[in-house]
Amino acid sequence: MNTLKRSFYVMTLVGFALLSIQCKNEKKADTNIITVEEMKNLVTITKESFGTTSDSIPVDKFILKNEKGMEISVITYGGIITSWTAPDKNGEYKDIVLGFDSIQKYQMPGVPYFGALIGRFGNRIANAKFSLDGTEYTLAANDGKNHLHGGVKGFDKVVWTASEVLTDSTASLVLTYLSKDMEEGYPGNLETKVTYTLNNDNNLDVVYEATTDKKTVVNLTQHSYFNLSGDFSKPILDHEVTINADKLVPVDATLIPTGQLTDVTNTPFDFRQAKTIGKDIDVKDEQLKRGGGYDHCWALNNQNEGMRLAATAYHPESGRVMEVLTDEPGIQLYTGNFLDGTLPSKQGGTYAHRTGFCLETQHYPDSPNQKDFPSVILSPGENYISKTSFKFSVK
């Protein structure tokens, strides 16, 4: 009887040991299994059709999403950011950029560059002309007598080639476009690449690159219209903005720089301390009158330091904060002065006066004709590269 009890005891111990080993092996195997919940947290890029252009070119939409839930949708037409969600102080994500829900709307006459990549030259060039090495080049006069944002069919109206790059913590969309020699009047075959990279800190990096086979001028930027409230029926006058610039690039009656830089002290253009966009936008000032509000470039401080904080926008009600960092010498604040209620909103209704603002990092307007401005010339063998980062947080 005692022998039987001992045998049963030994067999029981062996059984427990085998069960323990099996469980450990199962747990070890389980470490390679990704749960449904974990799948939701991975950085992703998804692709879908966004229709076709009026000349029958297919347009794709890519949706970049990080593990926190920020989503940025980009279409191959114009490299346009069509939507961009960001959290408020309660963790609620809302779309914070103006735009449309169809390619047909982006091709309507008079659409003001919503969310688009701008090139070859962002902003204005006086009299739609510039000279290089004694040769004068004539561009499209699409803003009165001046040239604006690359011409009649700038980078905002072409279809880019797209590729995806994923890591465990970033989602990148790489867009490329060959702007051929004399396209819109610009010399040189310009190989252009723009990379949008979303990371898990709710930051979007935009890297611009270009090479040319003939001396030319380049000034690329991104033209998203922001409304950090997430409600496009509301004006952006309550947003608090800072711009790290002691100097303004003042303009003439046609919004072409005078060639001088002026001190912002004691003017409506002093954003060195945070103030609402609406605080001074309607005061009697000749520069504000010319722009219909803010539509000006600031000469940023510390231009020899590379990437640095250029501007901040804060919406107190939602708590959303957007920081703009760049290695560019200037930034254009545009306050949606020409929005007039004729364009349809994604949220229903229309985009009314001053319901979106832009912070466009760039070289100064009319730089090809202003010898004292930082150079925008790109020569064969050189690499154009510029970076801007948009960082989101709450407070």
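Residues numbered from 1 in each chain as written. Predicted model: local features only at pLDDT ≥ 70, side-chain atom pairs only at ≥ 80, totals over all residues. Heavy atoms only, no water.

(A) Looking closely at the overall build of the chain. Across its full length, the chain carries four helices and 27 strands. Looking at the chain as a whole, 51% of its 395 residues qualify as buried. Residue pairs in contact within the chain that sit at least 24 positions apart in sequence constitute 65% of those at least 6 positions apart. If you sum the accessible surface of the chain, you get close to 17900 Å²; carbon and sulfur atoms cover 52% of it. (Helix = DSSP H or I, 4+ residues; strand = E, 2+ residues; numbered from the N terminus. Buried < 20%, exposed > 50% of the residue type's maximum accessible area, 1.4 Å probe, protein only. Contact = heavy atoms within 4.5 Å. Areas by Shrake-Rupley, 256 points an atom, 1.4 Å probe, with all protein chains shown as cover.)

(B) Molecular detail of the pattern of salt bridges. For the structure shown, the criterion picks out 20 salt bridges. For Lys65, the salt bridge goes to Glu71, with nearest N and O atoms at 3.7 Å. Since its relative accessible area comes to 30%, Lys65 is described here as partly exposed. In this structure Glu71 comes out as partly exposed when scored by relative accessible area, which is 30%. In this structure, Asp181 engages Lys214 in a salt bridge whose closest nitrogen and oxygen atoms are separated by 3.1 Å. Residue Asp181 is located in the loop between β12 (170–179) and β13 (190–199), and its partner Lys214 is located in the loop between β14 (203–212) and β15 (216–217); the two are separated by 33 residues in the primary sequence. Overall, Asp181 belongs to the partly exposed group, its relative accessible area being 32%. Classification of Lys214 by relative accessible area gives partly exposed; the value is 33%. (Salt bridge = Lys/Arg side-chain N within 4 Å of Asp/Glu carboxyl O.)

(C) Fine view of the sheet that holds strand β18 (residues 247–249). Pairing is antiparallel in the open sheet, where five strands are placed in the order β19-β18-β21-β24-β25. Each of the sheet's edge strands pairs with one partner strand only, and the pair in question is β19 (262–263) and β25 (358–362). Pairing analysis gives five bridges linking strand β24 (residues 330–334) to β25, with the strands arranged antiparallel. Note on β25: the bridge partner recorded for Gln332 is Glu360. (Pairing = 2+ DSSP bridges.)

(D) Structural detail: the nonpolar core. Ranked by size, the top nonpolar core spans 59 residues in total, and within it Trp84, Phe226, Ile243, Trp298 and Phe392 carry the most contacts. Those residues within four positions of Phe392 in sequence are excluded, and the remaining contacts are Met70, Trp84, Ala86, Ile96, Asp201, Asn202, Asn203, Phe226, Leu228, Val321 and Met322. Residues Tyr77, Val111, Ile118 and Cys358 belong to the second largest nonpolar core, which totals 22 residues. (Core = buried A, V, L, I, M, F, W, Y, C linked by side-chain atoms within 4.5 Å.)

(E) Region of interest: the sheet that holds strand β5 (residues 93–95). Reading across the sheet, the five strands line up as β1-β2-β3-β4-β5 and stay open at both edges, with antiparallel pairing between neighbours. Since the sheet does not close on itself, it has two edges, and those belong to β1 (44–52) and β5, each with one partner. Each strand of the sheet is rotated relative to its neighbour by a mean of 20°, with strand direction disregarded. In the sheet, strand β4 (residues 81–87) pairs with β5 via three bridges, with the strands oriented antiparallel. Within β5, the residue paired with Thr85 across the bridge is Asp95. (Axes fitted to C-alpha atoms, helices over the stretch in contact; angles between N-to-C directions.)

(F) Local environment of the side chain of Thr221. Mapped onto the fold, Thr221 is located in strand β16 (residues 221–223). Note on Thr221: relative accessible area 1%, which makes it buried. At 2.8 Å, the side chain of Thr221 forms a polar contact with the backbone oxygen of Thr361. Excluding residues within four positions of it along the chain, Thr221 makes contact with Ala116, Leu117, Ile118, Tyr208, Glu360, Thr361 and Gln362. (Polar contact = N/O pair within 3.5 Å; in protein donor to acceptor, adjacent residues only side chain to side chain.)

(G) Region of interest: the packing of aromatic side chains. In the structure shown here, the tally under the stated rule is 25 aromatic pairs. For the ring pair Phe226 and Phe390, a centre distance of 5.9 Å and an interplane angle of 40° mean the geometry is tilted. Here Phe226, found in the loop between β16 and β17 (240–243), pairs with Phe390, found in strand β27 (residues 384–394); they are 164 residues apart in sequence, far enough to count as distant. Taking relative accessible area as the criterion, Phe226 reaches 1% and is therefore assigned buried. On the basis of relative accessible area, Phe390 is assigned to the buried category, the value being 3%. (Phe/Tyr/Trp six-rings, centres within 6.5 Å; stacked < 30°, edge-to-face > 60°.)

(H) Inspection of the pairing of strand β8 (residues 129–132) at higher detail. Alternating positions in β8 separate cleanly, Phe130 and Leu132 being buried on one face and Lys129 and Ser131 remaining unburied on the opposite face. Linkage of β8 to strand β9 (residues 135–138), two consecutive antiparallel strands, is achieved through a turn of two residues, within which Asp133 is found at a positive phi near 50°.

(I) How the structure looks around the environment of Lys279. If you trace the backbone, Lys279 turns up in the loop between β20 (275–276) and α4 (286–291). Under the relative-accessibility criterion, Lys279 is labelled exposed at 55%. C-alpha separation for the pair Lys279 and Glu240, spaced 39 residues apart in sequence, amounts to 9.4 Å.

(J) A look at unusual backbone geometry. Cis rather than trans, the peptide bond between Gly119 and Arg120 has omega equal to 5°. Topologically, Arg120 is positioned in the loop between β6 (116–118) and β7 (124–125). We note that Met182 has phi near 75°; this positive angle belongs to a residue other than glycine. For Met182, the position within the fold is in the loop between β12 and β13. Since its relative accessible area comes to 41%, Met182 is described here as partly exposed. Of note, the phi angle at Arg354 is positive, near 60°, even though the residue is not glycine. Tracing the backbone through its elements, the reader meets Arg354 in the loop between β24 and β25. With a relative accessible area of 7%, Arg354 lands in the buried category.

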